[in-house]
Amino acid sequence: MPITLYTSTMSPPARAVQLLIKELELKVKVKLVDARAGETRTEEFLRMNPQHTIPTIDDNGFYLWESRAILAYLVETYRQGHDLYPTIPKERALINRVLHHDSSAFYPQIIGTLYPIFRGEAKVITPEMKATVEKALATLELLLIRNDWFAGEKITIADMALLPTIATLAHSGFDLTKFPRLLAWYDNCKELKGYPEEQAIAVQAGQFVRSMLTEGL
Ligand SMILES: N[C@@H](CCC(=O)N[C@@H](CS)C(=O)NCC(=O)O)C(=O)O
């Protein structure tokens, strides 16, 4: 039986998993879940994932959530040794370092800014919000000081984890030209098979963010 992926179109973590699925050409059954309509809080969903988040996968009764854990699991299980998540400990450690930075710092900083806008609770991006985003982007810019990709000289799941968040920011009107290494990295991501679809979603997400603002950035 193919893996089932519970996902939603706009969610950056879910889009990261979609990017990997496309890249590895994995056979996956996609189920769209509407969290706003309570579909992540049904008893059936909570039995699978008590943290009620998407993305979630069901690999023949093995349930996994947390996008970065899913990325690692899919490579490990279906393409072991692939350059996207190599088995060499030091190479893998560099990837894990970026995934942990994303999970504990970058993504929470960005989503903490964008969520109030998505929910209609904020109508302007204040100078403080902009400064938080720019500080988070500046850290990423520095992480690229020696390499073209976030974990070395090859694209890995670390880049896939970051791309949807950065693409959403870019299409929401945040100026990436202040971060030339990051901008070059963003351009290099075009090599991903799922990039065109990811861009199309980022455009929609960006339009949505801009439509919720009373003042442009
Ligand atoms: N750290 C999680 C974050 C997942 C997450 O926050 N998903 C949101 C959508 S972007 C969600 O499922 N929200 C619905 C809910 O919490 O019920 C991951 O990387 O998978």
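Residues numbered from 1 in each chain as written. Predicted model: local features only at pLDDT ≥ 70, side-chain atom pairs only at ≥ 80, totals over all residues. Heavy atoms only, no water.

## Observations concerning the nonpolar core
We count it as follows: What makes a nonpolar core is a set of buried Ala, Val, Leu, Ile, Met, Phe, Trp, Tyr and Cys residues whose side-chain atoms join them at distances within 4.5 Å. To sort residues, take the accessible area from a 1.4 Å probe on protein chains only and compare it with the maximum for the residue type: under 20% means buried, over 50% means exposed, and anything in between is partly exposed. Put simply, DSSP marks the helices as runs of H or I at least four residues long and the strands as runs of E at least two long, and each gets a number from the N terminus on. Domain ranges listed in this record stem from an automatic or a database domain assignment. Should any heavy atoms of two residues lie within 4.5 Å, those residues are counted as being in contact.
Judged by nonpolar contacts, the single largest core of 60 residues is most densely connected at Leu20, Leu74, Phe106, Ile117, Ile157, Leu182 and Trp185. Breaking this core down by element, the ones donating at least two residues are strand E1 (3-7), helix H1 (12-24), helix H3 (67-78), helix H4 (89-118), helix H5 (127-143), helix H6 (157-172), helix H7 (180-188) and helix H8 (195-211). Residue contributions to this core peak at nine residues, all from H6. The two domains that each donate at least three residues to this core are domain 1 (3-78) and domain 2 (89-211). Leave out the neighbours within four places in its chain, and phenylalanine 106 touches His101, Ala136, Leu137, Leu140, Leu162, Thr165, Ile166 and Leu169. In terms of nonpolar packing, the next biggest core, distinct from the first, is built from six residues, Tyr6, Ala14, Phe45 and Met48 among them.

## Regarding the domain arrangement of the chain
Formally: Buried area: the sum, over both parts, of the accessible surface (1.4 Å probe) that disappears when the two are put together.
Segmenting the chain into domains produces domain 1 (3-78) and domain 2 (89-211). The C-alpha-based centres of domain 1 and domain 2 are spaced at 20 Å. Taken together, the 17 residues of domain 1 in the interface contact 24 residues of domain 2. Interface area for domain 1 against domain 2, summed over the two sides, is near 1,900 Å², with a carbon-plus-sulfur share of 63%.

## Observations concerning the site of the ligand
Inclusion rule: Nearness is judged by heavy atoms alone; a residue qualifies as near a molecule or strand once a single heavy atom is within 4 Å of it. N or O atoms closer than or at 3.5 Å make up a polar contact, with two conditions inside protein: a donor-capable atom paired with an acceptor-capable one, and, for residues adjacent in sequence, both atoms drawn from side chains. Note that accessible areas follow from Shrake-Rupley with a 1.4 Å probe, and for residues the cover is restricted to the protein chains shown. When residue character is reported, Ala, Val, Leu, Ile, Met, Phe, Trp, Tyr, Cys and Pro are called nonpolar, Asp, Glu, Lys and Arg charged, and the others, Gly included, polar.
Taken together, 14 residues lie around the ligand, and Thr40, His52, Ile54, Glu66 and Ser67 are the ones closest in. Histidine 52 places a main-chain nitrogen or oxygen 2.8 Å from an oxygen atom of the ligand. Side-chain polar atom of glutamate 66 to a nitrogen atom of the ligand: 2.7 Å apart, as the coordinates give it. Protein coverage of the free-state accessible area of the ligand, which is 510 Å², stands at 80%. Of all the elements in the fold, those that place two or more residues in the shell around the ligand are H3 and H4. For the shell around the ligand, the per-class residue count stands at six nonpolar, five polar and three charged.

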